[in-house]
Amino acid sequence: MNNQTKVLMNKPEKQAVTMTGSRAVMESLVNENVNLIFGYPGGAIMPVYDALYSFRESLQHILVRHEQGALHAAQGFARATGKVGVCLVTSGPGATNTVTGIADAQIDSTPLVVICGQVGSPLLGTDAFQETDIVGITQPVTKWNYQITRAEEIPWVIARAFYIARSGRPGPVLIDITKDAQFGSLEYIYNPVTSTRSYSPYPIIDPYQVEEASRLINLASKPLALIGQGVIIANAEKELAQFLEKTGIPAAETLLGSSALPSDHRLNIGRLGMHGNYGPNIKTNEADLIIAIGMRFDDRVTADTKRYATKAKVIHLEIDQAEINKIIHADAPVLGNVKESLPMLTSKVSKNDHSSWLEEFRACYRVEYDRLIERELFTDKPGITTAEVVSRVSKAFSDDAIMVTDVGQHQMTAWRYFKFKQSRSVITSGGLGTMGFGLPAAIGAKLGRPDRPVCLFVGDGGFQMTIQELGTIYQSKIPVKIVLLNNNFLGMVRQWQELFFDFRYSYTELINPDFQTIAKGYHLPSLKVTERADLDAAIDTMVSAEGPFLLEVVVEKEGNVFPMVPAGASVEDIRLE
């Protein structure tokens, strides 16, 4: 018997402690190293909130103004930190108000644990006051969900929830706890879950697949790497850079994969997709090899799949088996965690230099700059462009802030013109495209990363969907910088109406309130800019402010965001104007 065995044998067993179900919820969160909860109390979750009162030293609770805000704030926290975001809400409307955020988290692979109160188990199925089948409602948009009806289930369910939420391809988990389970008692012991039957979050990597992928890479003359959020989720930024630098392969980023590579990395050729850069789109159909790393071939990247990557073999590095061959056929699928598969691939590939191929992308960028970017950034037309605002704000933050956006034209423009030096610097709603995401997500991002500046770009439409969260910012003193880009339109819908519906602006023009008065009502300092000459000074005032700040910029009313791949077109049909 060795010394280690003796230590294990002599290790004292955990002693059970009698407590209520509501206290067990709090103890379990502490055991999962949670220190921040976003929530809104109500009748069916009141016992848990009562228990939370005794945990104020170890568990910070952020009182949002709407449950959807809690979900988006938790998403911002999770995306900025890589940790699991936690929400606490009541039953009925409290629970149903979380559905949009849960669906958003599911499609964008964001780890959340959402804890809902529920009516007492004797009342289930009776249409009791504020009873809703939230488990049934959220089953299609959660990674796992579970209804607890007995107090003794709480430790195991919460442990399993955190394991499922954070492991493999992350996602949201919902726990529904009946009120009698919260009041009930149990003998509490907490055992973290590290595995569970029938769930294998980390596939074993097949060496043959790596070998075949390396063979294709060594043969390719025009390879193109597509960088997705999977790299960031896996904390594989270093492994990605090593792979690219050895092979010399140009790399383009998806919306959620942005910041996995610094903006100024010599092999970073820009953004992919509908409003991405000219080169990465138009050159896709010239590439002889596509290497997709932690991305899922979203339709905003591929456009018409029948005319996508027409000359290319495809390598797909992916952790989720369901994504392999779902949209684009992979000639060499490499199933597994990219944190492990990338180094395996790097060890097999030959050192290479694709400088002539890389120069083709740079030539495309020069075309894009001359025809579009210069006009956007250095215009002399009367209206302020969204692009110039974003570019100037990025420089004011030394290109090193966390950029949060809402959804719309400003989102795509911010993505194009904001620069990044480190990973986890882009937080936005990707797959679901949720207006109202930005403001609460910025709250969560700043609370998760108080060491980094957080700047939100939001349009006047999306801002008003969750504008009440300004109250959360004020009450909790969260120093978020907000750039409100006001064009008095639902801009992206208006752009489509202009380009594809003969300027028929059907219900997209907004008659907006006085946002400065609203900011004052929430005790937030603010400025409004209508003239280009005042822009730089206002940005400097915002950046230097110690606390939160709202900078409203009135931008050109009918500005469009280009480049653009029209819906249903090929990536090579990208328009610069």
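Residues numbered from 1 in each chain as written. Predicted model: local features only at pLDDT ≥ 70, side-chain atom pairs only at ≥ 80, totals over all residues. Heavy atoms only, no water.

> Give a description of helix 19 (residues 438-448) that names residues and reports values.
Across the 11 residues that make up helix 19, a large majority, 10, are buried. Among the residues of helix 19, those classed as buried are Gly438, Leu439, Pro440, Ala441, Ala442, Ile443, Gly444, Ala445, Lys446 and Gly448. (Buried < 20%, exposed > 50% of the residue type's maximum accessible area, 1.4 Å probe, protein only. Helix = DSSP H or I, 4+ residues; strand = E, 2+ residues; numbered from the N terminus.)

> Pulling in residues and values, what's your account of unusual backbone geometry?
Following Phe562, the chain continues to Pro563 via a peptide bond in cis, the omega torsion being 0°. One non-glycine residue, Asn488, lies in the positive phi region at around 55°. Tracing the backbone through its elements, the reader meets Asn488 in the loop between strand 18 (481-486) and helix 22 (491-500).

> Would you mind going over the packing of aromatic side chains in detail, with residue names and values included?
Inspection of every chain in the model, using the stated rule, returns 15 aromatic pairs. Between Phe418 and Phe420 the ring centres are 5.7 Å apart and the planes differ by 45°, which places this aromatic pair in the tilted class. For Phe418, a relative accessible area of 0% corresponds to the buried category. Using a relative accessible area of 2% as the deciding quantity, one classes Phe420 as buried. (Phe/Tyr/Trp six-rings, centres within 6.5 Å; stacked < 30°, edge-to-face > 60°.)

> Just give me the short version of the pairing of strand 13 (residues 313-318), but keep the residues and values in it.
Side-chain positions along a regular strand alternate between the two faces of the sheet. The buried fraction of strand 13 amounts to 5 of the 6 residues, a majority that puts the element mostly inside the structure. Direction of pairing for strand 12 (residues 289-293) relative to strand 13: parallel, over a ladder of 5 bridges. Directly across from Ala292, in strand 13, lies its bridge partner His316. By the bridge criterion, 4 bridges tie strand 13 to strand 14 (residues 332-335) in an arrangement that is parallel. Its bridge partner lying in strand 14, Ile315 is registered against Ala332. (Pairing = 2+ DSSP bridges.)

> If you had to explain the sheet that holds strand 19 (residues 526-529) to someone new, which residues and values would you point to?
Spatially, the 6 strands line up as an open sheet ordered 16-15-17-18-20-19, and their pairing is parallel. The outermost strands of the open sheet, each flanked by one partner alone, are strand 16 (426-427) and strand 19. Where strand 17 (residues 454-459) and strand 18 come together, 5 bridges link them in parallel fashion. Bridge assignment links Phe457 to a residue of strand 18, and that residue is Val483.

> So what's going on with the confidence of the model for the protein chain? Residues and values would help.
The predicted model of the protein chain has a mean per-residue pLDDT of 96, with 98% of residues at 70 or higher. Low pLDDT (under 50) marks residues 1-12, which in the prediction has 2 contacts with non-local residues, meaning those over four places away or in another chain. (pLDDT = per-residue confidence, 0-100. Contact = heavy atoms within 4.5 Å.)

> Provide a residue-level description of the sheet that holds strand 13, including the pertinent values.
With parallel pairing, the 6 strands of this open sheet are ordered in space as 11-10-9-12-13-14. Bordering the open sheet on either side are strand 11 (268-271) and strand 14, each of which pairs with just one other strand. Averaged over all pairs of adjacent strands, the angle between strand axes in this sheet comes to 20°, irrespective of strand direction. With 3 bridges connecting them, strand 10 (residues 251-253) and strand 11 associate as parallel partners. Note on strand 11: the bridge partner recorded for Glu253 is Arg271. (Axes fitted to C-alpha atoms, helices over the stretch in contact; angles between N-to-C directions.)

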